[in-house]
Amino acid sequence: MGLLSRTSRARQEPAAPPAGRRTAPGFGLLGPRREQHELDPDRFAELGLPVGDDGVVVGTDAQGAPAVLGLVRPAAFDVVLVGGAWTAQVIALRAVGTGARVAVESGRPQLWTALAQAANTGQQSITLHDVGRVPPQGPSVLSPVLIVRDCGIRPPLGRVRSAPWQPVLTLLPYPGPTTTRLMSQADLVGVQRVAPEEAVQIGRTMSLPQEDVEALSTLPDGVTLWCTRTSRTYVTTAPTDPEAGLLGAARRLE
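Residues numbered from 1 in each chain as written. Predicted model: local features only at pLDDT ≥ 70, side-chain atom pairs only at ≥ 80, totals over all residues. Heavy atoms only, no water.

1. Comments concerning the overall build of the chain
Stage number 1. On a plain count of helices and strands, the chain comes out with seven helices and 12 strands.
Stage number 2. The 254 residues of the chain split such that 38% are buried. (Helix = DSSP H or I, 4+ residues; strand = E, 2+ residues; numbered from the N terminus. Buried < 20%, exposed > 50% of the residue type's maximum accessible area, 1.4 Å probe, protein only.)

Laid out in structure tokens, this is it:
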């Protein structure tokens with residue numbers, strides 16, 4: 001009885017909308033009108049939204065909050081890291097986790113082979129290339145590419161440079177004759193533990209306060225000062241369990 005009743009009603013012609021009610025083409029009756037959400041200007045400070053930047057989580061800052069490195073952008077972005085290959089490898093691995101491809105240009109392929117093999121499960125997420133042999137990568141918003149240049153303290157001009165959706169991270173094991181120029185041209189600089197005289201050179205280039213210059217020669221393994229000429233933050237990078245199994249503990253030197 002119930003089923004027949006519902007079927008019978010379903011076959012009836014739809015009734016015309018009551019007077020005063022409007023219809024939306026293809027969507028039936030418009031929904032009820034409600035008051036708009038409004039907030040007085042003096043209450044704007046109450047709007048606190050927990051939204052962070054998109055990017056690669058490279059560790060935690062001094063307050064223990066996640067430190068996010070926004071590598072992939074719709075504009076060219078150059079990063080210089082004066083530090084160990086371990087940190088660059090963690091960044092590369094985590095970039096793959098965000099959906100980016102990674103092309104490594106290195107004169108030390110033995111340092112990167114195990115990482116590439118572990119990441120390339122089903123697709124070529126990390127590719128290794130000799131110095132000066134990186135082919136065009138064809139980056140796009142749907143297929144961003146991180147170029148990692150591990151070419152010593154005097155890296156040659158890159159065949160493939162930073163571009164929209166294709167950031168370049170240049171790894172310098174320690175400061176060299178080209179470090180000042182590379183830092184001056186970079187959008188972001190990371191510095192790990194260096195000798196006191198090297199810290200003075202970097203501090204002069206990056207306009208660092210004296211306390212940061214002094215701190216650079218005593219940084220623990222896994223700690224990086226990420227800076228521009230106007231801002232800076234210390235970040236501690238700790239490996240996840242899979243990263244520790246593949247790369248080992250954080251270290252400044254190989």
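2. Considering unusual backbone geometry
Stage number 1. One non-glycine residue with positive phi stands out, namely tryptophan 165, at about 65°.
Stage number 2. One can find tryptophan 165 in the loop between strand S8 (145–150) and strand S9 (168–172).
Stage number 3. Residue serine 207 is not a glycine yet carries a positive backbone phi of 55°.
Stage number 4. Within the secondary structure, serine 207 sits in the loop between helix H5 (196–206) and helix H6 (210–215).

3. A look at helix H2 (residues 85–97)
Stage number 1. Relative to the 18 Å expected for 13 residues at 1.5 Å per residue, H2 spans 18 Å between its end C-alpha atoms, a close match to the ideal helical length.
Stage number 2. Among the 13 residues that make up H2, 12 are buried, leaving the element largely enclosed by the rest of the structure.
Stage number 3. Looking at H2, one finds that the buried residues are Ala85, Trp86, Thr87, Ala88, Gln89, Val90, Ile91, Ala92, Leu93, Arg94, Ala95 and Val96.
Stage number 4. Of the residues flanking the end of H2, it is glycine 99, one or two places downstream, whose phi is positive at about 105°. (Expected span 1.5 Å × (residues − 1).)

4. Quick notes on the pairing of strand S6 (residues 101–106)
Stage number 1. Judged by how many residues are buried, S6 sits mostly within the fold: five of six residues are covered.
Stage number 2. Traced from S6 through helix H3 (residues 109–119) to strand S7 (residues 126–129), the parallel crossover comes out right-handed. (Right-handed = clockwise from strand over helix to strand, strands pointing away.)

5. What about the packing of aromatic side chains?
Stage number 1. Scanning all chains against the criterion turns up zero aromatic pairs.
Stage number 2. The ring of phenylalanine 77 has arginine 73 sitting right over it, with the charged end atom 4.0 Å from the ring centre. (Phe/Tyr/Trp six-rings, centres within 6.5 Å; stacked < 30°, edge-to-face > 60°. Lys NZ or Arg CZ within 6 Å of the ring centre and 35° of its normal.)

6. Digging into the nonpolar core
Stage number 1. Ranked by size, the top nonpolar core spans 33 residues in total, and within it Val58, Leu71, Val102, Ile126, Leu146, Leu169 and Trp226 carry the most contacts.
Stage number 2. Taken together, the elements giving at least two residues each to this core come down to strand S3 (56–60), strand S4 (66–69), strand S5 (78–82), H2, S6, H3, S8 and S9.
Stage number 3. No other element matches H2, which puts nine residues into this core.
Stage number 4. Excluding residues within four positions of it along the chain, valine 58 makes contact with Ala67, Leu69, Ile91, Arg94, Trp226, Val235, Thr236 and Thr237.
Stage number 5. Judged by nonpolar contacts, the second largest core, of 19 residues, contains Ala186, Ile202, Val223 and Leu225. (Core = buried A, V, L, I, M, F, W, Y, C linked by side-chain atoms within 4.5 Å. Contact = heavy atoms within 4.5 Å.)

7. As for the pairing of strand S10 (residues 188–191)
Stage number 1. Of the two faces of S10, the one lined by Leu188 and Gly190 and the one lined by Val189 and Val191 are each fully buried.
Stage number 2. Summarising the sheet, S5 and S10 pair through four bridges and their orientation is parallel. The residue bridging valine 82 from the neighbouring strand is valine 191, located in S10.
Stage number 3. As paired strands, S10 and strand S11 (residues 223–227) are joined by three bridges and run antiparallel to one another. (Pairing = 2+ DSSP bridges.)

8. Considerations on the environment of alanine 163
Stage number 1. Tracing the backbone through its elements, the reader meets alanine 163 in the loop between S8 and S9.
Stage number 2. Between the alpha carbons of alanine 163 and aspartate 78 there is a distance of 9.1 Å; along the sequence they are 85 residues apart.
Stage number 3. When sequence neighbours within four positions are dropped, the list of residues in contact with alanine 163 reads Ala75 and Ala76.

9. A closer look at the side chain of threonine 170
Stage number 1. Of note, threonine 170 is situated in strand S9.
Stage number 2. Assessed through its relative accessible area of 9%, threonine 170 is described here as buried.
Stage number 3. Those residues in contact with threonine 170, other than ones at most four positions away along the chain, are Val79, Val80, Leu81, Arg149, Pro155 and Leu182.

10. Quick look at the environment of valine 168
Stage number 1. For valine 168, the position within the fold is in strand S9.
Stage number 2. When its relative accessible area of 5% is taken as the criterion, valine 168 is described as buried.
Stage number 3. In sequence terms valine 168 and leucine 71 are 97 residues apart; their C-alpha atoms lie 8.6 Å from each other.

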